[in-house]
Amino acid sequence: METNKISGAEAVIRCLLAEGVDLVYGYPGGAIMPVYDELYKFRDQLHHVLVRHEQGAAHAAQGFARATGKVGVAIATSGPGATNLVTGIADAQIDSTPLVCITGQVGKHLLGSDAFQETDIIGISTPVTKWNYQITEAHEIPEIMAKAFYIAKSGRPGPVLIDITKNAQFDLLDFSYKKCTSIRSYNPVPKLKLDKVAEAAAIINQAKKPMIVFGQGVILSEAEEELKAFIEKSGIPAAWTILGLSALPTDHPLNVGMVGMHGNYGPNVLTNECDVLIALGMRFDDRVTGNLATYAKQAKVLHFEIDPAEIDKNVKTEVAVLADLKQALTAILPMIESTKHESWHNEFKKYYQIELDSVINEELKPTKKAGISMGEAIEMINKHSKGDAIMVSDVGQHQMFTCRYSKFNTSKSNVTSGGLGTMGFALPAAIGAKMGMPNREVVAVIGDGGFQMNIQELGTIHQTQVPVKIVVLNNEFLGMVRQWQELFFDNRYASTEMINPNFVAIAEGYYIKAKKVTKREDLDAAVAEMMASKDSYFLEIMVEKENNVFPMIPTGASVSDIRLS
């Protein structure tokens, strides 16, 4: 007798295919083995990338999602396999990255018995997921998987974890799949209120010193063109958070740079002088605001945001426009007047000149430093990438130099760990970004500390032959912590000096072409060779050991108290 019944494991694969997934990252194990058996059968339709550690799977899925705008997928087994995903899931949650993570679990009859490799991943992951669910019966799989993809991508995106018991993977079900388009009581996109838009427009039209700060919401809502039209018509200077970087071309005349702890001098100081602060798709993170008690107190704050939880959470708003940012900017554009704000722009130019003379020129064209500076290395990458590469950075000084000095022509080009600040992010994230966008150059910029946190993913690069470019800026320190120790702890370098291995030999051990640069005169040719390579390439650049990143807002200080040295 014919039947349409299939196993739960096969249903998982068919759900992924129905959602348009053709690439997943993972690591097999006992409790997820039925799904892997089906992955083998469907290998012509669904490409699985074997990482070397489950944290690498989560970060690779993040890199894929950030570079493409699609949902990234990671798979792991139960117990330690599932818990190894948690750092990447937490990173995705705070940075609003859409992930679906699938974990295996012991059989339903063993739940709660402390069975081999059993852990309560639902309990563990609840604080760091947008939604999670444990499937214990095969028939639940299609509906729950459909919900997972809808929740991960809709509204403010985020990670979803689905835990599937082994019996549910083996058992049979009548399979049919229907994409999820709504869930009762879940309203991911608030309805745009035109009266709020008009109220915001009236304030903008009356402003003498308005300033925009835009974040990743521009990229997530695909509102790059609307942002450009908005700032060009309004004439308002626009600054960005590190996750908003690349939404507006770096060389746009109204792009005034980065806000926050290591942001540009002008936009930080003038935050406390503007009369209207327009926040577009950003959440007023503490690294952006500094001391909240002194942040933009003179300004009327207009907050355009999709997540109601972010309104008035950190900064009190005059008008909140709750909506998808693309819709909101489309609605406000006809309401705003065409303006230039030339004298106000000149204030930003004045501060930029000060920063250029005292910080930027010395960083990019050093005369006092014997060794190569980190900014110099980034500038050399700019020269050869021409602003067209996806730059994937880890966390630390090199991250701030990468964000400050990289040039971008295209959106979704800056992939970094923002809110969680996860060392070890860049190497696997670069793998995901390159696989998601194979026609774009992908350069991972990593510190010597963060590189060693997921160095094993060189094995993934070797096995997949994904042609990523890896640049390690090696100062033989945990550089950002060392900078704080120098500035705030009387040069007590407690546990920050690194005795490093031979990175070139390690890369060559994974059959990746590698080179080390120690002299300034060799830098240009080495970067040119790396960028010209059709294969993966590892470049170690020895940089100044005590090269600090400035400007800097000390912890707890006002944005006005930003230091140039």
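Located above this text is the structure these notes cover.
Here we summarise the structure given alongside this text. Here the residue index of a chain counts from 1 through its sequence in written order. Owing to the predicted nature of the model, reporting of local features is limited to residues with pLDDT of at least 70; listing and counting of side-chain atom pairs is limited to 80 or more, with chain, interface and lining totals taken over all residues. Only hydrogens and water are removed before side-chain values are computed, so all heavy atoms of the structure are retained for them.

A short note on the layout of surface pockets
In this approach the atoms are scanned with a rolling probe the size of a water molecule, which exposes any empty space left behind.
For step 1, the next point in the chain: Cavity: a set of points on a 1 Å grid over the protein atoms alone where a 1.4 Å probe fits but cannot get out. Pocket: an open set with protein on both sides within 12 Å along at least five of seven lines, its lining residues, like those of a cavity, having an atom within 4 Å of a point. Grid points are joined across faces, edges and corners, and a volume is the space filled by probe spheres set on the points. Computed from the structure, the second largest pocket encloses a volume of approximately 730 Å³.
For step 2, the next point in the chain: Contributing to the lining of the second largest pocket are 32 residues, with Thr 250, His 252, Asn 255, Val 256 and Gly 257 lying nearest its centre.
For step 3, the next point in the chain: Helix and strand definitions here come from DSSP, where helices need a minimum of 4 consecutive H or I residues and strands a minimum of 2 consecutive E residues; each element is numbered from the N-terminal end. Only helix H11 (224-234), strand E11 (255-258), helix H12 (265-271), helix H15 (342-364) and helix H17 (397-405) provide two or more residues apiece to the lining of the second largest pocket.
For step 4, the next point in the chain: Ranked by the residues each element gives to the lining of the second largest pocket, the list is headed by H15, at 8 residues.

Side note on the pairing of strand E12 (residues 276-280)
For step 1, the next point in the chain: Only protein chains enter the accessibility calculation, which uses a 1.4 Å probe; a residue is then buried when its area is under 20% of its type maximum, exposed when over 50%, and partly exposed in between. Of all the 5 residues making up E12, 5 are buried; the element is thus mostly covered by neighbouring parts of the structure.
For step 2, the next point in the chain: Residues of E12 alternate between two faces, with Val 276, Ile 278 and Leu 280 on one and Leu 277 and Ala 279 on the opposite face, all of them buried.
For step 3, the next point in the chain: Pairing between two strands requires that DSSP report at least two bridges joining them. Across 5 bridges, the pairing between strand E9 (residues 210-214) and E12 is parallel. Along E12, the bridge assignment pairs Val 213 with Ala 279.
For step 4, the next point in the chain: Taken together, the 5 bridges between E12 and strand E13 (residues 300-305) define a ladder with parallel strand orientation. Along E13, the bridge assignment pairs Val 276 with Lys 300.

What about the packing of H15 against H17?
Packed helices, taken two at a time, are described by their axes: the angle between them and the distance between them.
For step 1, the next point in the chain: Contact geometry for H15 and H17: axes closest at 13 Å, N-to-C directions at 110°. Taken together, H15 and H17 sit at an angle that is classed as roughly perpendicular. Of the two possible hands of crossing, H15 and H17 adopt the one that is left-handed. For the pair H15 and H17, contact is made by Glu 355, Val 359, Ile 360, Glu 363 and Leu 364 and by Phe 401, Arg 404 and Tyr 405, respectively.
For step 2, the next point in the chain: Residues were grouped as follows: Ala, Val, Leu, Ile, Met, Phe, Trp, Tyr, Cys and Pro as nonpolar; Asp, Glu, Lys and Arg as charged; and all remaining residues, including Gly, as polar. Partitioning the contact of H15 with H17 into residue classes produces 5 nonpolar, no polar and 3 charged. Working convention: axes come from line fits to C-alpha atoms, limited for helices to the stretch in contact. Angles between N-to-C directions cover 0 to 180 degrees. In this scheme, roughly parallel covers angles under 35 degrees and roughly antiparallel covers those over 145, while 65 to 115 is roughly perpendicular and the rest are oblique. Crossing handedness: left-handed means the near helix sits turned counterclockwise from the far one by under a right angle, and right-handed means the same turn made clockwise. Throughout, a residue-residue contact means that at least one pair of heavy atoms, one from each residue, lies within 4.5 Å.

Considering the packing of helix H1 (residues 8-18) against helix H2 (residues 33-41)
For step 1, the next point in the chain: Viewed as axis vectors pointing N to C, H1 and H2 meet at an angle of 55°, and their least axial separation amounts to 8 Å. Looking at the two axes, H1 sits oblique to H2. Here the hand of the crossing between H1 and H2 comes out right-handed. Two secondary-structure elements touch here, H1 through Ala 9, Glu 10, Val 12 and Ile 13 and H2 through Pro 34, Val 35, Glu 38 and Leu 39.
For step 2, the next point in the chain: Partitioning the contact of H1 with H2 into residue classes produces 6 nonpolar, no polar and 2 charged.

Brief notes about helix H7 (residues 141-153)
For step 1, the next point in the chain: The end-to-end C-alpha separation of H7 is 19 Å, in line with the 18 Å expected for 13 residues at 1.5 Å each.
For step 2, the next point in the chain: Here H7 lies mainly inside the structure; 10 of its 13 residues are buried.
For step 3, the next point in the chain: Every buried residue belonging to H7 is among Ile 141, Pro 142, Ile 144, Met 145, Ala 146, Ala 148, Phe 149, Tyr 150, Ile 151 and Ala 152, and all of these are buried.
For step 4, the next point in the chain: Of the residues trailing H7, Gly 155 is marked for its positive phi of about 60°. In this scheme, a helix's expected span is set at 1.5 Å multiplied by one less than its residue total.

Observations concerning unusual backbone geometry
For step 1, the next point in the chain: Cis geometry marks the peptide bond from Phe 550 to Pro 551, where omega comes out at 0°.
For step 2, the next point in the chain: In this model, Gln 465 sits at a positive phi of 60°, which is unusual for a non-glycine residue.
For step 3, the next point in the chain: Checked against the element boundaries, Gln 465 lands in the loop between helix H20 (458-464) and strand E18 (469-474).

A word on the packing of aromatic side chains
For step 1, the next point in the chain: Aromatic rings from Phe, Tyr and Trp, taking only the six-membered ring of Trp, are treated as a pair when their centres fall within 6.5 Å; an angle between ring planes under 30 degrees marks them as stacked, one over 60 as edge-to-face, and anything in between as tilted. The final tally for this structure, using the stated rule, is 11 aromatic pairs.
For step 2, the next point in the chain: Here Phe 284 and Tyr 295 contribute two aromatic rings whose centre-to-centre distance is 6.0 Å and whose plane-to-plane angle is 75°, an arrangement assigned as edge-to-face. Within this pair, whereas Phe 284 is found in the loop between E12 and helix H13 (286-289), its partner Tyr 295 is found in the loop between H13 and E13, the two being separated by 11 residues in sequence. Neither Phe 284 nor Tyr 295 differs from the other in exposure class; each is buried.
For step 3, the next point in the chain: Aromatic pair Phe 401 and Tyr 405: ring centres 6.3 Å apart, planes at 20°, arrangement stacked. Of this pair, Phe 401 and Tyr 405 both sit in helix H17, 4 residues apart, which is roughly one turn of the helix. Of the two residues, Phe 401 and Tyr 405, neither departs from the other in class, the shared state being buried.
For step 4, the next point in the chain: Grouped by ring-pair contacts, the aromatic residues Phe 451, Phe 503 and Phe 538 constitute a single cluster.

Function cannot be inferred from these measures alone, as they are strictly geometric.
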